[in-house]
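Structural features, examined
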Amino acid sequence: MKLDSKIPGGPLAEKWSKHKFNVKLVNPANKRKYDIIVVGTGLAGASAAASFGELGYNVKAFCFQDSPRRAHSIAAQGGINAAKNYQNDGDSVFRLFYDTIKGGDYRSREGNVYRLAEVSVDIIDQCVAQGVPFAREYGGLLANRSFGGAQVSRTFYAKGQTGQQLLLGAYSALSRQVSNGKVKLHAREEMIDLVMKDGKAVGIITRNLVTGKIESHSAHAVVLATGGYGNVFFLSTNAMGSNVTAAWRAHKKGALFANPCFTQIHPTCIPVSGDHQSKLTLMSESLRNDGRVWVPKSKEDAEKIRKGELKPTDLPEDKRDYYLEERYPSFGNLVPRDVASRNAKNVCDEGRGVAKTGLAVYLDFADAIKRDSRKVIESKYGNLFDMYQQITGENPYETPMMIYPAVHYTMGGLWVDYNLMTNIPGLYAIGEANFSDHGANRLGASALMQGLADGYFVIPYTIGDYLATLPYEKVSSDDEVFKQAENDIEEKIQKLLSIKGEKTVDDFHKALGHIMWEYCGMSRNEEGLKKAKQEIKKLKEEFWQNVNVIGGNDELNQSLEKANRVADFLELGELMIDDALDRSESCGGHFREESQTEEGEAKRKDDEFSYVSAWEYQGENAEEVLHKEDLVFENVKLTQRSYK
């Protein structure tokens with residue numbers, strides 16, 4: 001299989017403009033004759049569906065929540081990048097492009113990343129026009145703050161709830177099209193299969209989560225905007241409903257899955273407090289602008305703090321180790337997420353972690369409050385501080401926050417070309433659902449940027465290039481391919497319901513999460529990955545013999561919902577292990593212990609691994625086939641990342 005990224009030739013800065021001119025167009029009158037399905041209503045999905053509706057296409061939008069406003073995009077806190085250079089501090093489209101390529105450890109396409117930086121400036125204008133209440137300076141101009149992995153201030157924000165405000169903007173645009181009749185919204189319906197005919201995507205199968213009814217929906221094209229798969233680890237910052245099912249079922253129909261092992265661990269999350277937890281809570285990376293990260297210099301002091309014999313505020317400066325500031329003087333506490341996360345793990349592994357578990361470091365705002373006043377800090381981060389206090393019972397204005405890394409974002413996903421189409425004609429993936437523009441590690445504040453770039457400014461252009469080649473008549477949902485797909489789904493559901501084993505779905509999900517975190521988490525090695533592969537195989541076998549899915553299909557059944565999702569997570573987990581084993585280099589969030597510098601930093605092997613790993617499904621219990629898309633760098637020099 002030859003992977004054609006379809007990146008246009010010519011100078012980097014002209015590729016997107018040239019491509020937009022060369023794609024086929026559908027005239028306004030003919031747009032009314034085409035149907036598009038959009039699965040997911042987060043930033044990528046809502047913005048795409050609204051844009052399609054505005055253009056005149058007929059759209060069906062699906063979400064498994066009761067409202068598009070509950071999409072996980074709402075949880076994003078810190079901000080969205082754009083190369084506006086409002087601070088006049090040296091930013092530019094090329095610098096944002098370079099920071100993103102470098103932050104992703106040179107494992108992303110130049111063409112895609114430059115386009116992302118290029119349209120970033122339009123995103124801000126679009127959102128301001130929608131009424132998104134970005135923070136403003138005294139004079140009324142939009143404010144910016146700095147974020148990890150950059151030395152300029154380019155992050156636009158709305159206090160600590162940027163994702164919520166951006167989603168409300170996209171939701172209002174979507175609601176306008178629903179009201180106009182151009183978008184038909186299907187809430188509480190989950191996609192559980194992709195339908196194909198003659199090698200093309202022609203629709204989806206859904207399950208109504210309230211009634212259990214299995215339904216067919218046909219269209220000329222299908223767009224997946226279903227987010228990431230971080231919940232394969234069980235504990236993550238993702239909403240509990242976030243899953244991989246839509247993307248994975250498409251993968252099993254032939255869509256390539258790219259770079260599955262590239263998982264981003266976020267450095268600033270509230271630490272695990274016990275086995276009772278079902279998810280973790282993110283504390284925005286923007287906090288690292290003013291918070292200073294430290295641990296005690298000695299194990300003895302750390303142990304006293306863990307036992308409650310010593311308060312962090314009692315420890316003098318000369319006994320504190322501000323390890324990021326010491327090790328990375330140029331970037332300090334604003335190093336990229338993968339670097340900050342690994343360093344937190346290292347100091348805790350040394351026995352200098354705090355919290356009762358020993359798995360936490362401090363994020364201290366005492367100096368910032370002393371310098372700027374509590375009122376200023378409250379205006380920037382007030383809702384985040386309140387959230388922290390409600391969860392932990394501690395006041396971060398008076399005592400340092402405790403943080404520890406947690407699974408946050410997945411850079412892997414369905415392989416797509418420059419048009420955001422998968423290798424299956426008519427099937428597109430946007431936002432976190434595709435393998436994205438982020439390489440091996442996502443730069444902070446760029447997830448919102450990518451989701452809105454894909455939905456507002458990329459796919460509305462590129463989807464016409466495909467639709468213009470199709471007849472107006474679509475495949476009927478009464479076609480045999482839909483009936484066969486429905487029957488296959490019914491059989492799988494009945495199989496799950498008939499097992500009647502002794503373990504709950506959550507038992508298996510927790511077990512999988514433990515394996516993934518231990519052996520494919522912040523660091524990986526060959527021995528551990530091979531062990532994980534065998535453990536997941538055994539766990540998957542046991543799942544299909546011993547899971548207990550209570551209730552039936554013809555009703556609201558959350559046990560069945562979870563079982564469907566966990567079955568897919570088990571298969572995905574095995575592929576993540578395969579991908580991590582194949583890539584024996586360290587890059588970004590993928591840290592192979594066998595490949596590190598003398599100083600413990602990630603060591604890439606550019607001669608061997610400058611490629612996108614794209615995996616092809618071969619059938620139940622068969623090993624997947626790896627295809628490689630070579631990455632070509634013409635505008636940046638591949639260097640060992642340094643933030644010192």
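About the thresholds
- Residues numbered from 1 in each chain as written.
- Predicted model: local features only at pLDDT ≥ 70, side-chain atom pairs only at ≥ 80, totals over all residues.
- Heavy atoms only, no water.
- Axes fitted to C-alpha atoms, helices over the stretch in contact; angles between N-to-C directions.
- Helix = DSSP H or I, 4+ residues; strand = E, 2+ residues; numbered from the N terminus.
- Parallel < 35°, antiparallel > 145°, perpendicular 65-115°, else oblique.
- Contact = heavy atoms within 4.5 Å.
- Nonpolar A, V, L, I, M, F, W, Y, C, P; charged D, E, K, R; others polar.
- Pairing = 2+ DSSP bridges.
- Core = buried A, V, L, I, M, F, W, Y, C linked by side-chain atoms within 4.5 Å.
- Buried < 20%, exposed > 50% of the residue type's maximum accessible area, 1.4 Å probe, protein only.
- Domains from an automatic or database assignment.
- Buried area = accessible area lost by both parts, 1.4 Å probe.
- Salt bridge = Lys/Arg side-chain N within 4 Å of Asp/Glu carboxyl O.
- Polar contact = N/O pair within 3.5 Å; in protein donor to acceptor, adjacent residues only side chain to side chain.

1. Description of the packing of helix H15 (residues 505–520) against helix H16 (residues 526–546)
The geometry of H15 relative to H16 is characterised by a closest axis approach of 10 Å and an angle of 175° between their N-to-C directions. Judged by the inter-axis angle, H15 sits roughly antiparallel to H16. Within the contact between the two elements, H15 uses Phe508, Ala511, Leu512, Ile515, Met516, Tyr519 and Cys520 and H16 uses Gly528, Leu529, Lys531, Ala532, Glu535, Ile536, Leu539, Glu542, Phe543 and Asn546. Taken together, the residues of the contact of H15 with H16 sort by class into 12 nonpolar, 2 polar and 3 charged.

2. Describing the sheet that holds strand E1 (residues 35–39)
Strand-to-strand pairing in sheets goes through backbone hydrogen bonds, with the strands running parallel or antiparallel. As summarised here, the arrangement of the 5 strands in space is E5-E2-E1-E9-E17, forming an open sheet in which the pairing is parallel. On the outer flanks of this sheet lie strand E5 (183–187) and strand E17 (427–429), each paired with one strand and no other. Strand-to-strand twist in this sheet, taken as the mean axis angle between neighbours without regard to direction, amounts to 20°.

3. Looking at the nonpolar core
The biggest cluster of nonpolar side chains holds 184 residues, and the ones touching the most others in it are Phe52, Ile80, Ile463 and Leu467. By residue number, the principal contributor to this core is helix H13 (residues 447–467), which donates 12 residues. Filtering out sequence-adjacent residues up to four positions away, Ile463 remains in contact with Ile36, Phe52, Tyr57, Ala221, Val223 and Tyr428.

4. Considering the domain arrangement of the protein
One can read the domain layout of the protein as domain 1 (12–262 + 411–467), domain 2 (266–406) and domain 3 (480–604). Taken over C-alpha atoms, the centre of domain 2 sits 31 Å from the centre of domain 3. In this assembly, 11 residues from domain 2 lie in contact with 11 residues from domain 3. Summed over both partners, the interface of domain 2 with domain 3 buries about 770 Å², with 52% contributed by carbon and sulfur atoms. Interface area lost by domain 2 to domain 3 is led by Arg327, Arg342 and Lys345, which between them contribute 57%. Along the contact surface separating domain 2 from domain 3 lie 1 salt bridge. Note that Arg327 and Glu601 form a salt bridge whose closest N and O atoms lie 3.6 Å from each other. Applying the counting rule to domain 2 against domain 3 returns 3 residue pairs in polar contact (both at pLDDT 80 or more). Secondary-structure elements contributing two or more residues to the side of domain 2 that touches domain 3 are helix H10 (337–349) and strand E15 (401–410). By residue number, the principal contributor to the side of domain 2 that touches domain 3 is H10, which donates 5 residues.

5. Some details on the sheet that holds E15
Ordered in space as E11-E15-E14-E12-E13, the 5 strands form an open sheet in which the pairing is antiparallel. In the strand order of this sheet, the two ends are held by strand E11 (263–269) and strand E13 (320–321), each with one partner. Strand direction decides the pairing type here: strand E12 (residues 292–296) and strand E14 (residues 361–364), joined by 3 bridges, are antiparallel. Bridging across to E14, Trp294 finds its partner in Tyr362. The strands touched by H10 are E11, E12, E14 and E15; relative to E11, the strand with the most contacts, the crossing angle is about 65°.

6. Section: the packing of helix H14 (residues 480–499) against H16
Remark: H14 packs on H16, axes separated minimally by 7 Å, with the N-to-C direction vectors making an angle of 80°. On the basis of the axis angle, H14 is roughly perpendicular to H16. For the pair formed by H14 and H16, the contact residues are Lys492, Lys495, Leu496 and Ile499 on the first element and Phe543, Trp544, Gln545 and Asn546 on the second. Classifying every residue of the contact of H14 with H16 by side-chain character gives 4 nonpolar, 2 polar and 2 charged.

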